[in-house]
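Summary of structural features
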Amino acid sequence: MGDIDIAIGIDVDCVAGWLGSYGGEDSPADLSRGLCAGNEGIPRMLQLLEDEGVKGSWYVPGHSIETFEEEVQAVADAGHELGVHGYSHENPTDLSREQEDEIIAVSKDLIEDVTGEEPVGHRASWWEFSENTPELVEKHDFLYDSSLMEREFEPGYMRKGDDWEPIKYDQEPESWMTPYEYGEETDIVEVPISWYRDDIPPMLFIKQPSYNTGYKSPVMMYEEYYKAQFDYLYNRRGAGVYTFTIHPDIHGLPHMIPLFEDFIQYVKSHENAEFKTIEEIARKYEDDPSVYESEGEYI
């Protein structure tokens with residue numbers, strides 16, 4: 001069996017999530033949920049990771065860094081990785097190049113103020129790339145990005161200049177009937193993520209822009225999604241990277257802590273499965289791209 005590395009990505013959206021993504025920017029009640037995530041959720045998750053001896057990769061919007069200074073400093077002081085994740089969880093596709101560039105620059109500086117080191121990881125807010133994002137990630141000299149979903153269990157290299165034709169219903173079909181065109185590969189490692197290993201879609205109650213019930217069973221999420229995908233990787237593929245994305249807004253809630261703890265212990269019960277930060281995974285892949293290639297018949 002090859003290397004199987006598990007990465008816990010923690011997106012510290014908190015108030016920023018409600019400002020930029022969840023439609024709660026005018027609701028003191030929704031914003032208070034973000035305050036709870038920062039003030040209570042971050043310390044709960046940090047304590048559990050400390051209890052289990054596991055390091056995570058925390059992607060912290062600048063707004064969260066400045067709002068929850070002590071909590072984020074405690075994360076850094078405990079030796080966890082901090083990465084860029086916008087300022088107010090803005091959608092990059094709604095930003096000009098200049099706005100996106102400034103947000104990345106300010107966010108990097110805020111993280112460096114906390115950790116004493118320039119961050120090496122970028123995760124786009126909303127998990128959306130603008131037409132400028134790849135070039136800006138390259139300009140700011142990140143080691144890796146972790147925002148895209150081209151693969152399930154294997155890193156690659158971020159590209160810039162991919163091109164495709166949207167359907168134009170008011171024009172002749174020949175105007176859009178062209179295949180997807182791959183752009184130029186960069187030196188930025190792309191560590192894949194997945195909506196099926198993210199806690200926000202099934203678990204967060206959102207009122208705007210459309211109601212999301214947010215009351216799916218967390219036991220179902222762990223048993224039928226998190227553990228099932230880990231089992232596929234471990235039993236069928238035999239090597240690869242497993243990233244999952246959680247938030248203090250969800251996994252910082254009291255009823256989620258025991259499930260999170262159980263999953264960590266489940267992974268630990270498997271030989272050759274180790275928890276790594278995404279920075280460690282990116283450096284490992286950069287040194288030897290074959291390290292995560294499938295060792296079985298399944299990709």
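The following paragraphs examine the structure supplied in this document. Just so it is clear, the model here is predicted, and its values are computed rather than measured. (Residues numbered from 1 in each chain as written. Predicted model: local features only at pLDDT ≥ 70, side-chain atom pairs only at ≥ 80, totals over all residues. Heavy atoms only, no water.)

1. A look at helix H2 (residues 28-52)
Selection rule: Comment: elements are numbered from the N terminus, with helices defined as DSSP H or I runs of at least four residues and strands as E runs of at least two. Given the number of residues in a helix, its expected span is that number minus one, multiplied by 1.5 Å. Note that bend, as reported per residue, equals the angle between axes fitted to the 7 residues terminating at that residue and the 7 residues originating from it. Each residue gets one of three labels from its accessible area relative to the maximum for its type: buried under 20%, exposed over 50%, partly exposed in between, using a 1.4 Å probe on protein chains only.
Taking 1.5 Å of rise per residue, 25 residues should cover 36 Å, and H2 covers 35 Å from first to last C-alpha, within 8% of that figure. Along its length, H2 shows its largest kink, about 35 degrees, at Gly41, and proline Pro43 lies within four residues downstream of that point. If you check which residues of H2 are buried, you get Asp30, Gly34, Ala37, Gly38, Gly41, Ile42, Met45, Leu46, Leu48, Leu49 and Glu52. Of the residues one or two after H2, Gly53 is the one with positive phi, at around 65 degrees.

2. Section: a nonpolar patch on the surface
Short version of the rule: Excluding any residue in a salt bridge, patches collect residues exceeding 30% relative accessible area, merging like charges within 9 Å and nonpolar Val, Leu, Ile, Met, Phe, Trp and Tyr side chains within 5 Å. The method behind every accessible area is Shrake-Rupley, applied with a 1.4 Å probe, and residues are considered shielded solely by the protein chains displayed. When a carboxyl oxygen of Asp or Glu is within 4 Å of a side-chain nitrogen of Lys or Arg, the pair counts as a salt bridge.
Nonpolar side chains collect at one region of the surface, where Met149, Trp195, Tyr196 and Tyr225 lie side by side and expose about 420 Å² of accessible area between them. Relative to the elements of secondary structure, Tyr196 occurs in the loop between strand S7 (184-190) and helix H7 (200-203).

3. As for the nonpolar core
When a protein is soluble and globular, its nonpolar side chains tend to lie buried together. The line we're drawing: Residues belong to one nonpolar core when they are buried, are Ala, Val, Leu, Ile, Met, Phe, Trp, Tyr or Cys, and are joined through side-chain atoms within 4.5 Å.
Of all hydrophobic cores here, the largest spans 61 residues; its most connected members are Ile8, Trp58, Leu82, Tyr222, Tyr242, Phe244 and Phe260. In terms of nonpolar packing, the next biggest core, distinct from the first, is built from 14 residues, Tyr59, Val241, Ile278 and Ala282 among them.

4. Description of the packing of aromatic side chains
The test is simple: Stacked, tilted and edge-to-face are the three classes assigned to paired rings of Phe, Tyr and Trp, where Trp is represented by its six-membered ring and a pair needs centres within 6.5 Å; plane angles under 30 degrees give stacked, over 60 edge-to-face, the rest tilted.
Taken as a whole and judged by the stated rule, the model has 20 aromatic pairs. Note on Trp18 and Tyr22: the rings are 5.2 Å apart at their centroids and 80 degrees apart in plane angle, and the pair reads as edge-to-face. Each member of the pair, Trp18 as well as Tyr22, is classed as buried. Relative to Trp195, the ring of Trp127 lies with its centre 4.6 Å away and its plane at 50 degrees, an arrangement referred to as tilted. Taken together, the residues Trp127 in the loop between strand S4 (121-122) and helix H6 (133-139) and Trp195 in the loop between S7 and H7 connect sequence positions 68 residues apart.

By themselves, these are just geometric observations and shouldn't be taken as functional.
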